[in-house]
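Per-entry structural report
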Amino acid sequence: MYRVIIFVSDHIQRMASGQSNYEHKLFACGFNGFGQLPLQDKKLKSSRQVTYPEMCMYPPVNGRLSTFLAVGWSQCILKNKGKNICCHGFSSGSSNSMTVWETDDEVENVHCFDCTCFAIPSSCSGLLIPEQHNQLGDVRVHAEGGKEGPRITRLDSEENRLLVLTDNQGLGTIEMPKEGGSYLYKPLVTGHHVKSFSCGKEHTLILTSQGDVFSMGSGSRGQLGHGTVEDRLHASAVIESIAAVPMVNISAGGWHSAAVSEYGDLYIWGWNESGQLGFPMVEKHTRHRDTPREVTPTEEGKTSANGETPEASSQDSRGDHQIPEDSNQPVTFLTSPHILDMAPPKEIAIQSVSCGSRHTAAVTRGGHLYTWGYGRWGQLAHGNEWTLDTPKEVKGLGGHIADVYCREWNTFILTREQIT
């Protein structure tokens with residue numbers, strides 16, 4: 001059992017950039033049923049939902065939120081200052097716990113897969129995983145044939161597999177070791193220079209250095225973007241309909257996908273059950289069927305949502321998978337990318353996008369944040385539980401929105417404000 005160390009860090013980080021100083025702050029909102037949100041206000045620790053962004057107790061570190069932050073259904077893992085990694089939520093058999101792991105090396109990326117923390121060390125080619133005495137220990141990753149595996153630079157995962165980006169711009173999977181075995185790297189995508197990738201529940205998006213977007217995995221709700229609902233389980237394929245437009249940012253949600261072009265257009269496709277595509281949804285829910293259930297300690301933090309896997313319905317079988325001529329008609333799902341007009345009649349250029357299980361958030365080039373989709377747990381950051389099928393700007397945070405990161409039913413927001 002881990003020894004728990006509790007401390008509160010200064011929540012502000014000041015960075016020098018030329019002659020300017022910036023104040024960075026990290027905020028979080030959404031589902032908090034296991035006490036997984038690392039909030040500064042201790043009064044909110046027992047709140048099952050946080051409907052408006054609240055300041056976190058840790059200072060943001062350099063890099064995008066997705067590199068130093070890992071969020072699951074019942075846990076939140078953050079890279080802290082120095083060589084500490086902090087885990088909040090369900091840990092050691094109980095909720096509202098906090099565990100701190102120390103490392104002997106700087107950490108470049110953290111991720112949570114199968115209720116285990118994985119981290120990438122800066123000075124070796126293996127991975128770091130929790131060991132006894134609050135330490136993260138180094139484990140080696142081998143390639144097939146017993147050779148040393150490549151250096152890993154980025155982690156993400158679908159529901160049942162852990163994917164990694166390597167320093168030679170390759171994408172592969174890590175097979176968990178059997179008893180007495182080692183972690184095994186297997187190439188997944190070859191022949192392309194992979195710039196980044198993003199995993200949903202059952203599918204993965206891949207962005208190449210040329211700006212092409214590939215996809216693979218389950219296509220049950222059009223989330224692969226190939227114009228069908230067919231699966232592509234063993235090989236990725238380029239999304240032809242946007243191949244002529246260079247993309248700079250991608251994100252895979254539960255069963256939907258999004259990409260941002262170099263011109264600032266937001267392309268989106270997949271399932272629209274909760275309005276997460278930003279188009280009219282079939283039915284506005286007041287209570288969603290995938291409400292989280294309580295988890296017993298014997299489940300060791302492995303939590304899932306009732307009905308989380310979408311089931312076919314008569315609505316889906318009608319084939320409502322293209323934008324109707326009447327823009328007010330509901331859309332069940334889109335099987336190919338469509339441009340989302342964020343705030344007509346204004347033209348808004350998008351900087352980045354992030355998808356949660358059934359909600360979406362986008363940061364504009366002007367530093368504004370828009371959210372839409374499933375809002376039952378306050379993950380849309382508007383101070384309520386409303387589900388929205390139209391993008392709405394998040395107000396009141398102050399400062400410039402520098403980044404946003406969505407996972408499951410949570411949203412994390414990084415702000416930046418110049419100080420003199």
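Residues numbered from 1 in each chain as written. Predicted model: local features only at pLDDT ≥ 70, side-chain atom pairs only at ≥ 80, totals over all residues. Heavy atoms only, no water.

**A word on the nonpolar core**
- Counting 34 residues, the largest nonpolar core has Leu39, Leu65, Leu69, Leu369, Val404, Phe412 and Ile413 as the members making the most contacts within it.
- Ignoring sequence-local partners within four residues, the contact set of Phe412 consists of Phe27, Ala28, Leu37, Pro38, Cys56, Leu65, Leu69, Val71, Cys76, Asp403, Val404 and Tyr405.
- Core analysis: the second largest hydrophobic core is formed by 29 residues, Ile239, Val353, Cys355 and Tyr370 among them. (Core = buried A, V, L, I, M, F, W, Y, C linked by side-chain atoms within 4.5 Å. Buried < 20%, exposed > 50% of the residue type's maximum accessible area, 1.4 Å probe, protein only. Contact = heavy atoms within 4.5 Å.)

**Quick notes on the confidence of the model for the protein**
- Per-residue confidence for the protein gives a mean pLDDT of 84, with 83% of residues at or over 70.
- Taken as a whole, residues 1–19 scores under 50 in pLDDT and shows 56 contacts with residues more than four places along the chain or in a different chain. (pLDDT = per-residue confidence, 0-100.)

**What about unusual backbone geometry?**
- Even without being a glycine, Cys115 presents a positive backbone phi close to 60 degrees.
- For Cys115, the position within the fold is in the loop between strand 8 (107–113) and strand 9 (116–121).
- Even without a glycine there, the phi angle at Gln169 is positive, about 60 degrees.
- Along the chain, Gln169 falls in the loop between strand 14 (162–166) and strand 15 (171–175). (Helix = DSSP H or I, 4+ residues; strand = E, 2+ residues; numbered from the N terminus.)

**Overview of the environment of Pro177**
- The residue Pro177 is located in the loop between strand 15 and strand 16 (183–189) in this model.
- Counting along the chain gives 36 residues from Pro177 to Val141, while the straight-line C-alpha distance between them is 9.8 Å.
- Aside from chain neighbours lying at most four places away, what touches Pro177 is Ser182 and Tyr183.

**Side note on the pairing of strand 23 (residues 266–271)**
- Burial within strand 23 is extensive, with 6 of its 6 residues counted as buried.
- By the bridge criterion, 5 bridges tie strand 22 (residues 256–261) to strand 23 in an arrangement that is antiparallel. Bridged to Ser257 within strand 23 is Trp269.
- Turn length for the strand 22-strand 23 hairpin, with the two strands adjacent in sequence and antiparallel, is 4 residues, and the turn residue Gly264 shows positive phi of about 95 degrees.
- With 4 bridges connecting them, strand 23 and strand 24 (residues 333–339) associate as antiparallel partners. Within the sheet, the bridge partner assigned to Gly270 lies in strand 24 and is Leu334. (Pairing = 2+ DSSP bridges.)

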